[in-house]
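Listed below are the residues making up each chain.
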Amino acid sequence: MKRAASALIIPLFFVVRYLGLLNTYWALILPPLANSLGIFMARSFVAGIPDDLEASARLDGASDLTIYRRIVLPLIRPGLVVLGMFIFMLQYTSFLMDEPLSNLDAILRAEMRISLLDVHRRVGRATVYVTHDQTEAMTLADRVVVLHEGAVQQVGTPEEIYTEPANSFVARFVGTPRMALLAGTVTDSREVALGDVTFRPDAPLAVAAGERVDVGIRPSGAHVTEEPRGPHLRGRVTRRDYLGGDCFLEVDISPEHAIVVRAEPEDTVNAGDVVAVEIRPGAAHLFGPSGERAGGLSLLGPP
């Protein structure tokens, strides 16, 4: 029985190729549509067309082909489309989408994201969605797989990918604006020195003293203030990006290091101002010499 069923694939492939339907949605819809249910429903659509329409067309001298093209097909097309979608969803248990929204403008892309998510929830089918747009990945996915050069870097929920990136690549890839990576050094006291400030790790370090590490800081993990109440960084604002509901400041904290900080839109800080930057406890990320995540950090301030 299995051998007989598999043998049907070969003539079906040649028919689909002859009709020029390879690599199209029709090749997925038409074969399931040609089963007993599809034939019965299509016949029902045709039988529902009033006989008077055909009789009137024949009085005007229309041929069978003309009647089919001009009367029958337009009237049954909506039913066939709905039937094709219905059978398509029942026939296939999972779907693969490869950059489906890449050619749309920004407004239509946002609308289609909402529509796709609504359809996915209604249909309840597993969907693999391939995209380079992190906004699509973070808003549509239940779980995200981050790939780099064909290798899986991390698998997790959008929240896990953002808050606990597995390595520096994931940390820089996810998030807008990007996470700032600042070069630091592990001290003899098992802390991380970054210029004249020190960070304390949340857990014991598995990195030897003197090793170079990276300190990652997201814009959402820091804020500027005129009256710092605890350990802070100090730097000069080099750029202010006002985006309406959001505002981001680029702050040079040393000749080698710069970070982007989220600010309130109503703040009057401008380029050239010297500001204090406070970092939430545990909001800084530590990445080891090979780029792997080694935990969170808290700013201690100048030694």
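That block above? That's the structure.
An account of the accompanying structure is given in this report. Please read these numbers as outputs of a predicted model, since none were measured by experiment. (Residues numbered from 1 in each chain as written. Predicted model: local features only at pLDDT ≥ 70, side-chain atom pairs only at ≥ 80, totals over all residues. Heavy atoms only, no water.)

This part takes up the overall build of the protein. Regarding its fold elements, the protein presents 10 helices and 15 strands. Each of the 303 residues in the protein was classed as buried or not, and the buried ones make up 31%. For the protein, restricting intrachain contacts to residue pairs at least 6 apart in sequence, the fraction spanning at least 24 positions comes to 58%. Just so you have it, the protein exposes about 19,200 Å², and 58% of that area is on carbon and sulfur atoms. (Helix = DSSP H or I, 4+ residues; strand = E, 2+ residues; numbered from the N terminus. Buried < 20%, exposed > 50% of the residue type's maximum accessible area, 1.4 Å probe, protein only. Contact = heavy atoms within 4.5 Å. Areas by Shrake-Rupley, 256 points an atom, 1.4 Å probe, with all protein chains shown as cover.)

Next up on the list: the environment of His257. Tracing the sequence through the fold places His257 in the loop between β11 (247-252) and β12 (258-263). Beyond its immediate sequence surroundings of up to four residues, His257 is in contact with Leu182, Ala183, Leu194, Val251 and Asp252.

Time to look at the pattern of salt bridges. Applying the stated criterion across every chain, the model contains eight salt bridges. Across the pair Arg58 and Glu54 runs a salt bridge, and its minimum N-O distance is 3.1 Å. In this pair, Arg58 and Glu54 both sit in helix α5 (residues 51-59), four residues apart, roughly one turn of the helix. Here Asp246 and Arg262 are joined by a salt bridge, their closest N and O atoms 3.1 Å apart. Placement of the pair is Asp246 in the loop between β10 (233-242) and β11 and Arg262 in strand β12, with a sequence separation of 16 residues. What emerges from the salt-bridge pattern is a single network uniting Glu54, Arg58 and Asp64. (Salt bridge = Lys/Arg side-chain N within 4 Å of Asp/Glu carboxyl O.)

Moving on: the packing of aromatic side chains. As enumerated under the stated definition, the model contains one aromatic pair in all. Note on Phe169 and Phe173: the rings are 5.7 Å apart at their centroids and 15° apart in plane angle, and the pair reads as stacked. With a gap of four residues between them, Phe169 and Phe173 both fall in helix α10 (residues 168-173), about one helical turn apart. The ring of Tyr162 has Arg218 lying over it, and the distance from NZ or CZ to the ring centre is 4.2 Å. (Phe/Tyr/Trp six-rings, centres within 6.5 Å; stacked < 30°, edge-to-face > 60°. Lys NZ or Arg CZ within 6 Å of the ring centre and 35° of its normal.)

A separate point is the sheet that holds β10. Within the open sheet, the five strands sit side by side as β9-β13-β10-β11-β12. Their pairing is antiparallel. On the outer flanks of this sheet lie β9 (222-225) and β12, each paired with one strand and no other. Neighbour-to-neighbour, the strand axes of this sheet turn through a mean angle of 45°, independent of strand direction. Taken together, the six bridges between β10 and β11 define a ladder with antiparallel strand orientation. Of the residues in β11, the one forming a bridge with Asp241 is Phe248. (Pairing = 2+ DSSP bridges. Axes fitted to C-alpha atoms, helices over the stretch in contact; angles between N-to-C directions.)

What follows covers the pairing of strand β14 (residues 284-287). In β14, alternate side chains face the same way, and those of Ala284 and Leu286 on one face and His285 and Phe287 on the other are all buried. Alignment of strand β8 (residues 212-217) against β14, held across three bridges, turns out to be antiparallel. Bridge pairing links Asp214 to Phe287 in β14.

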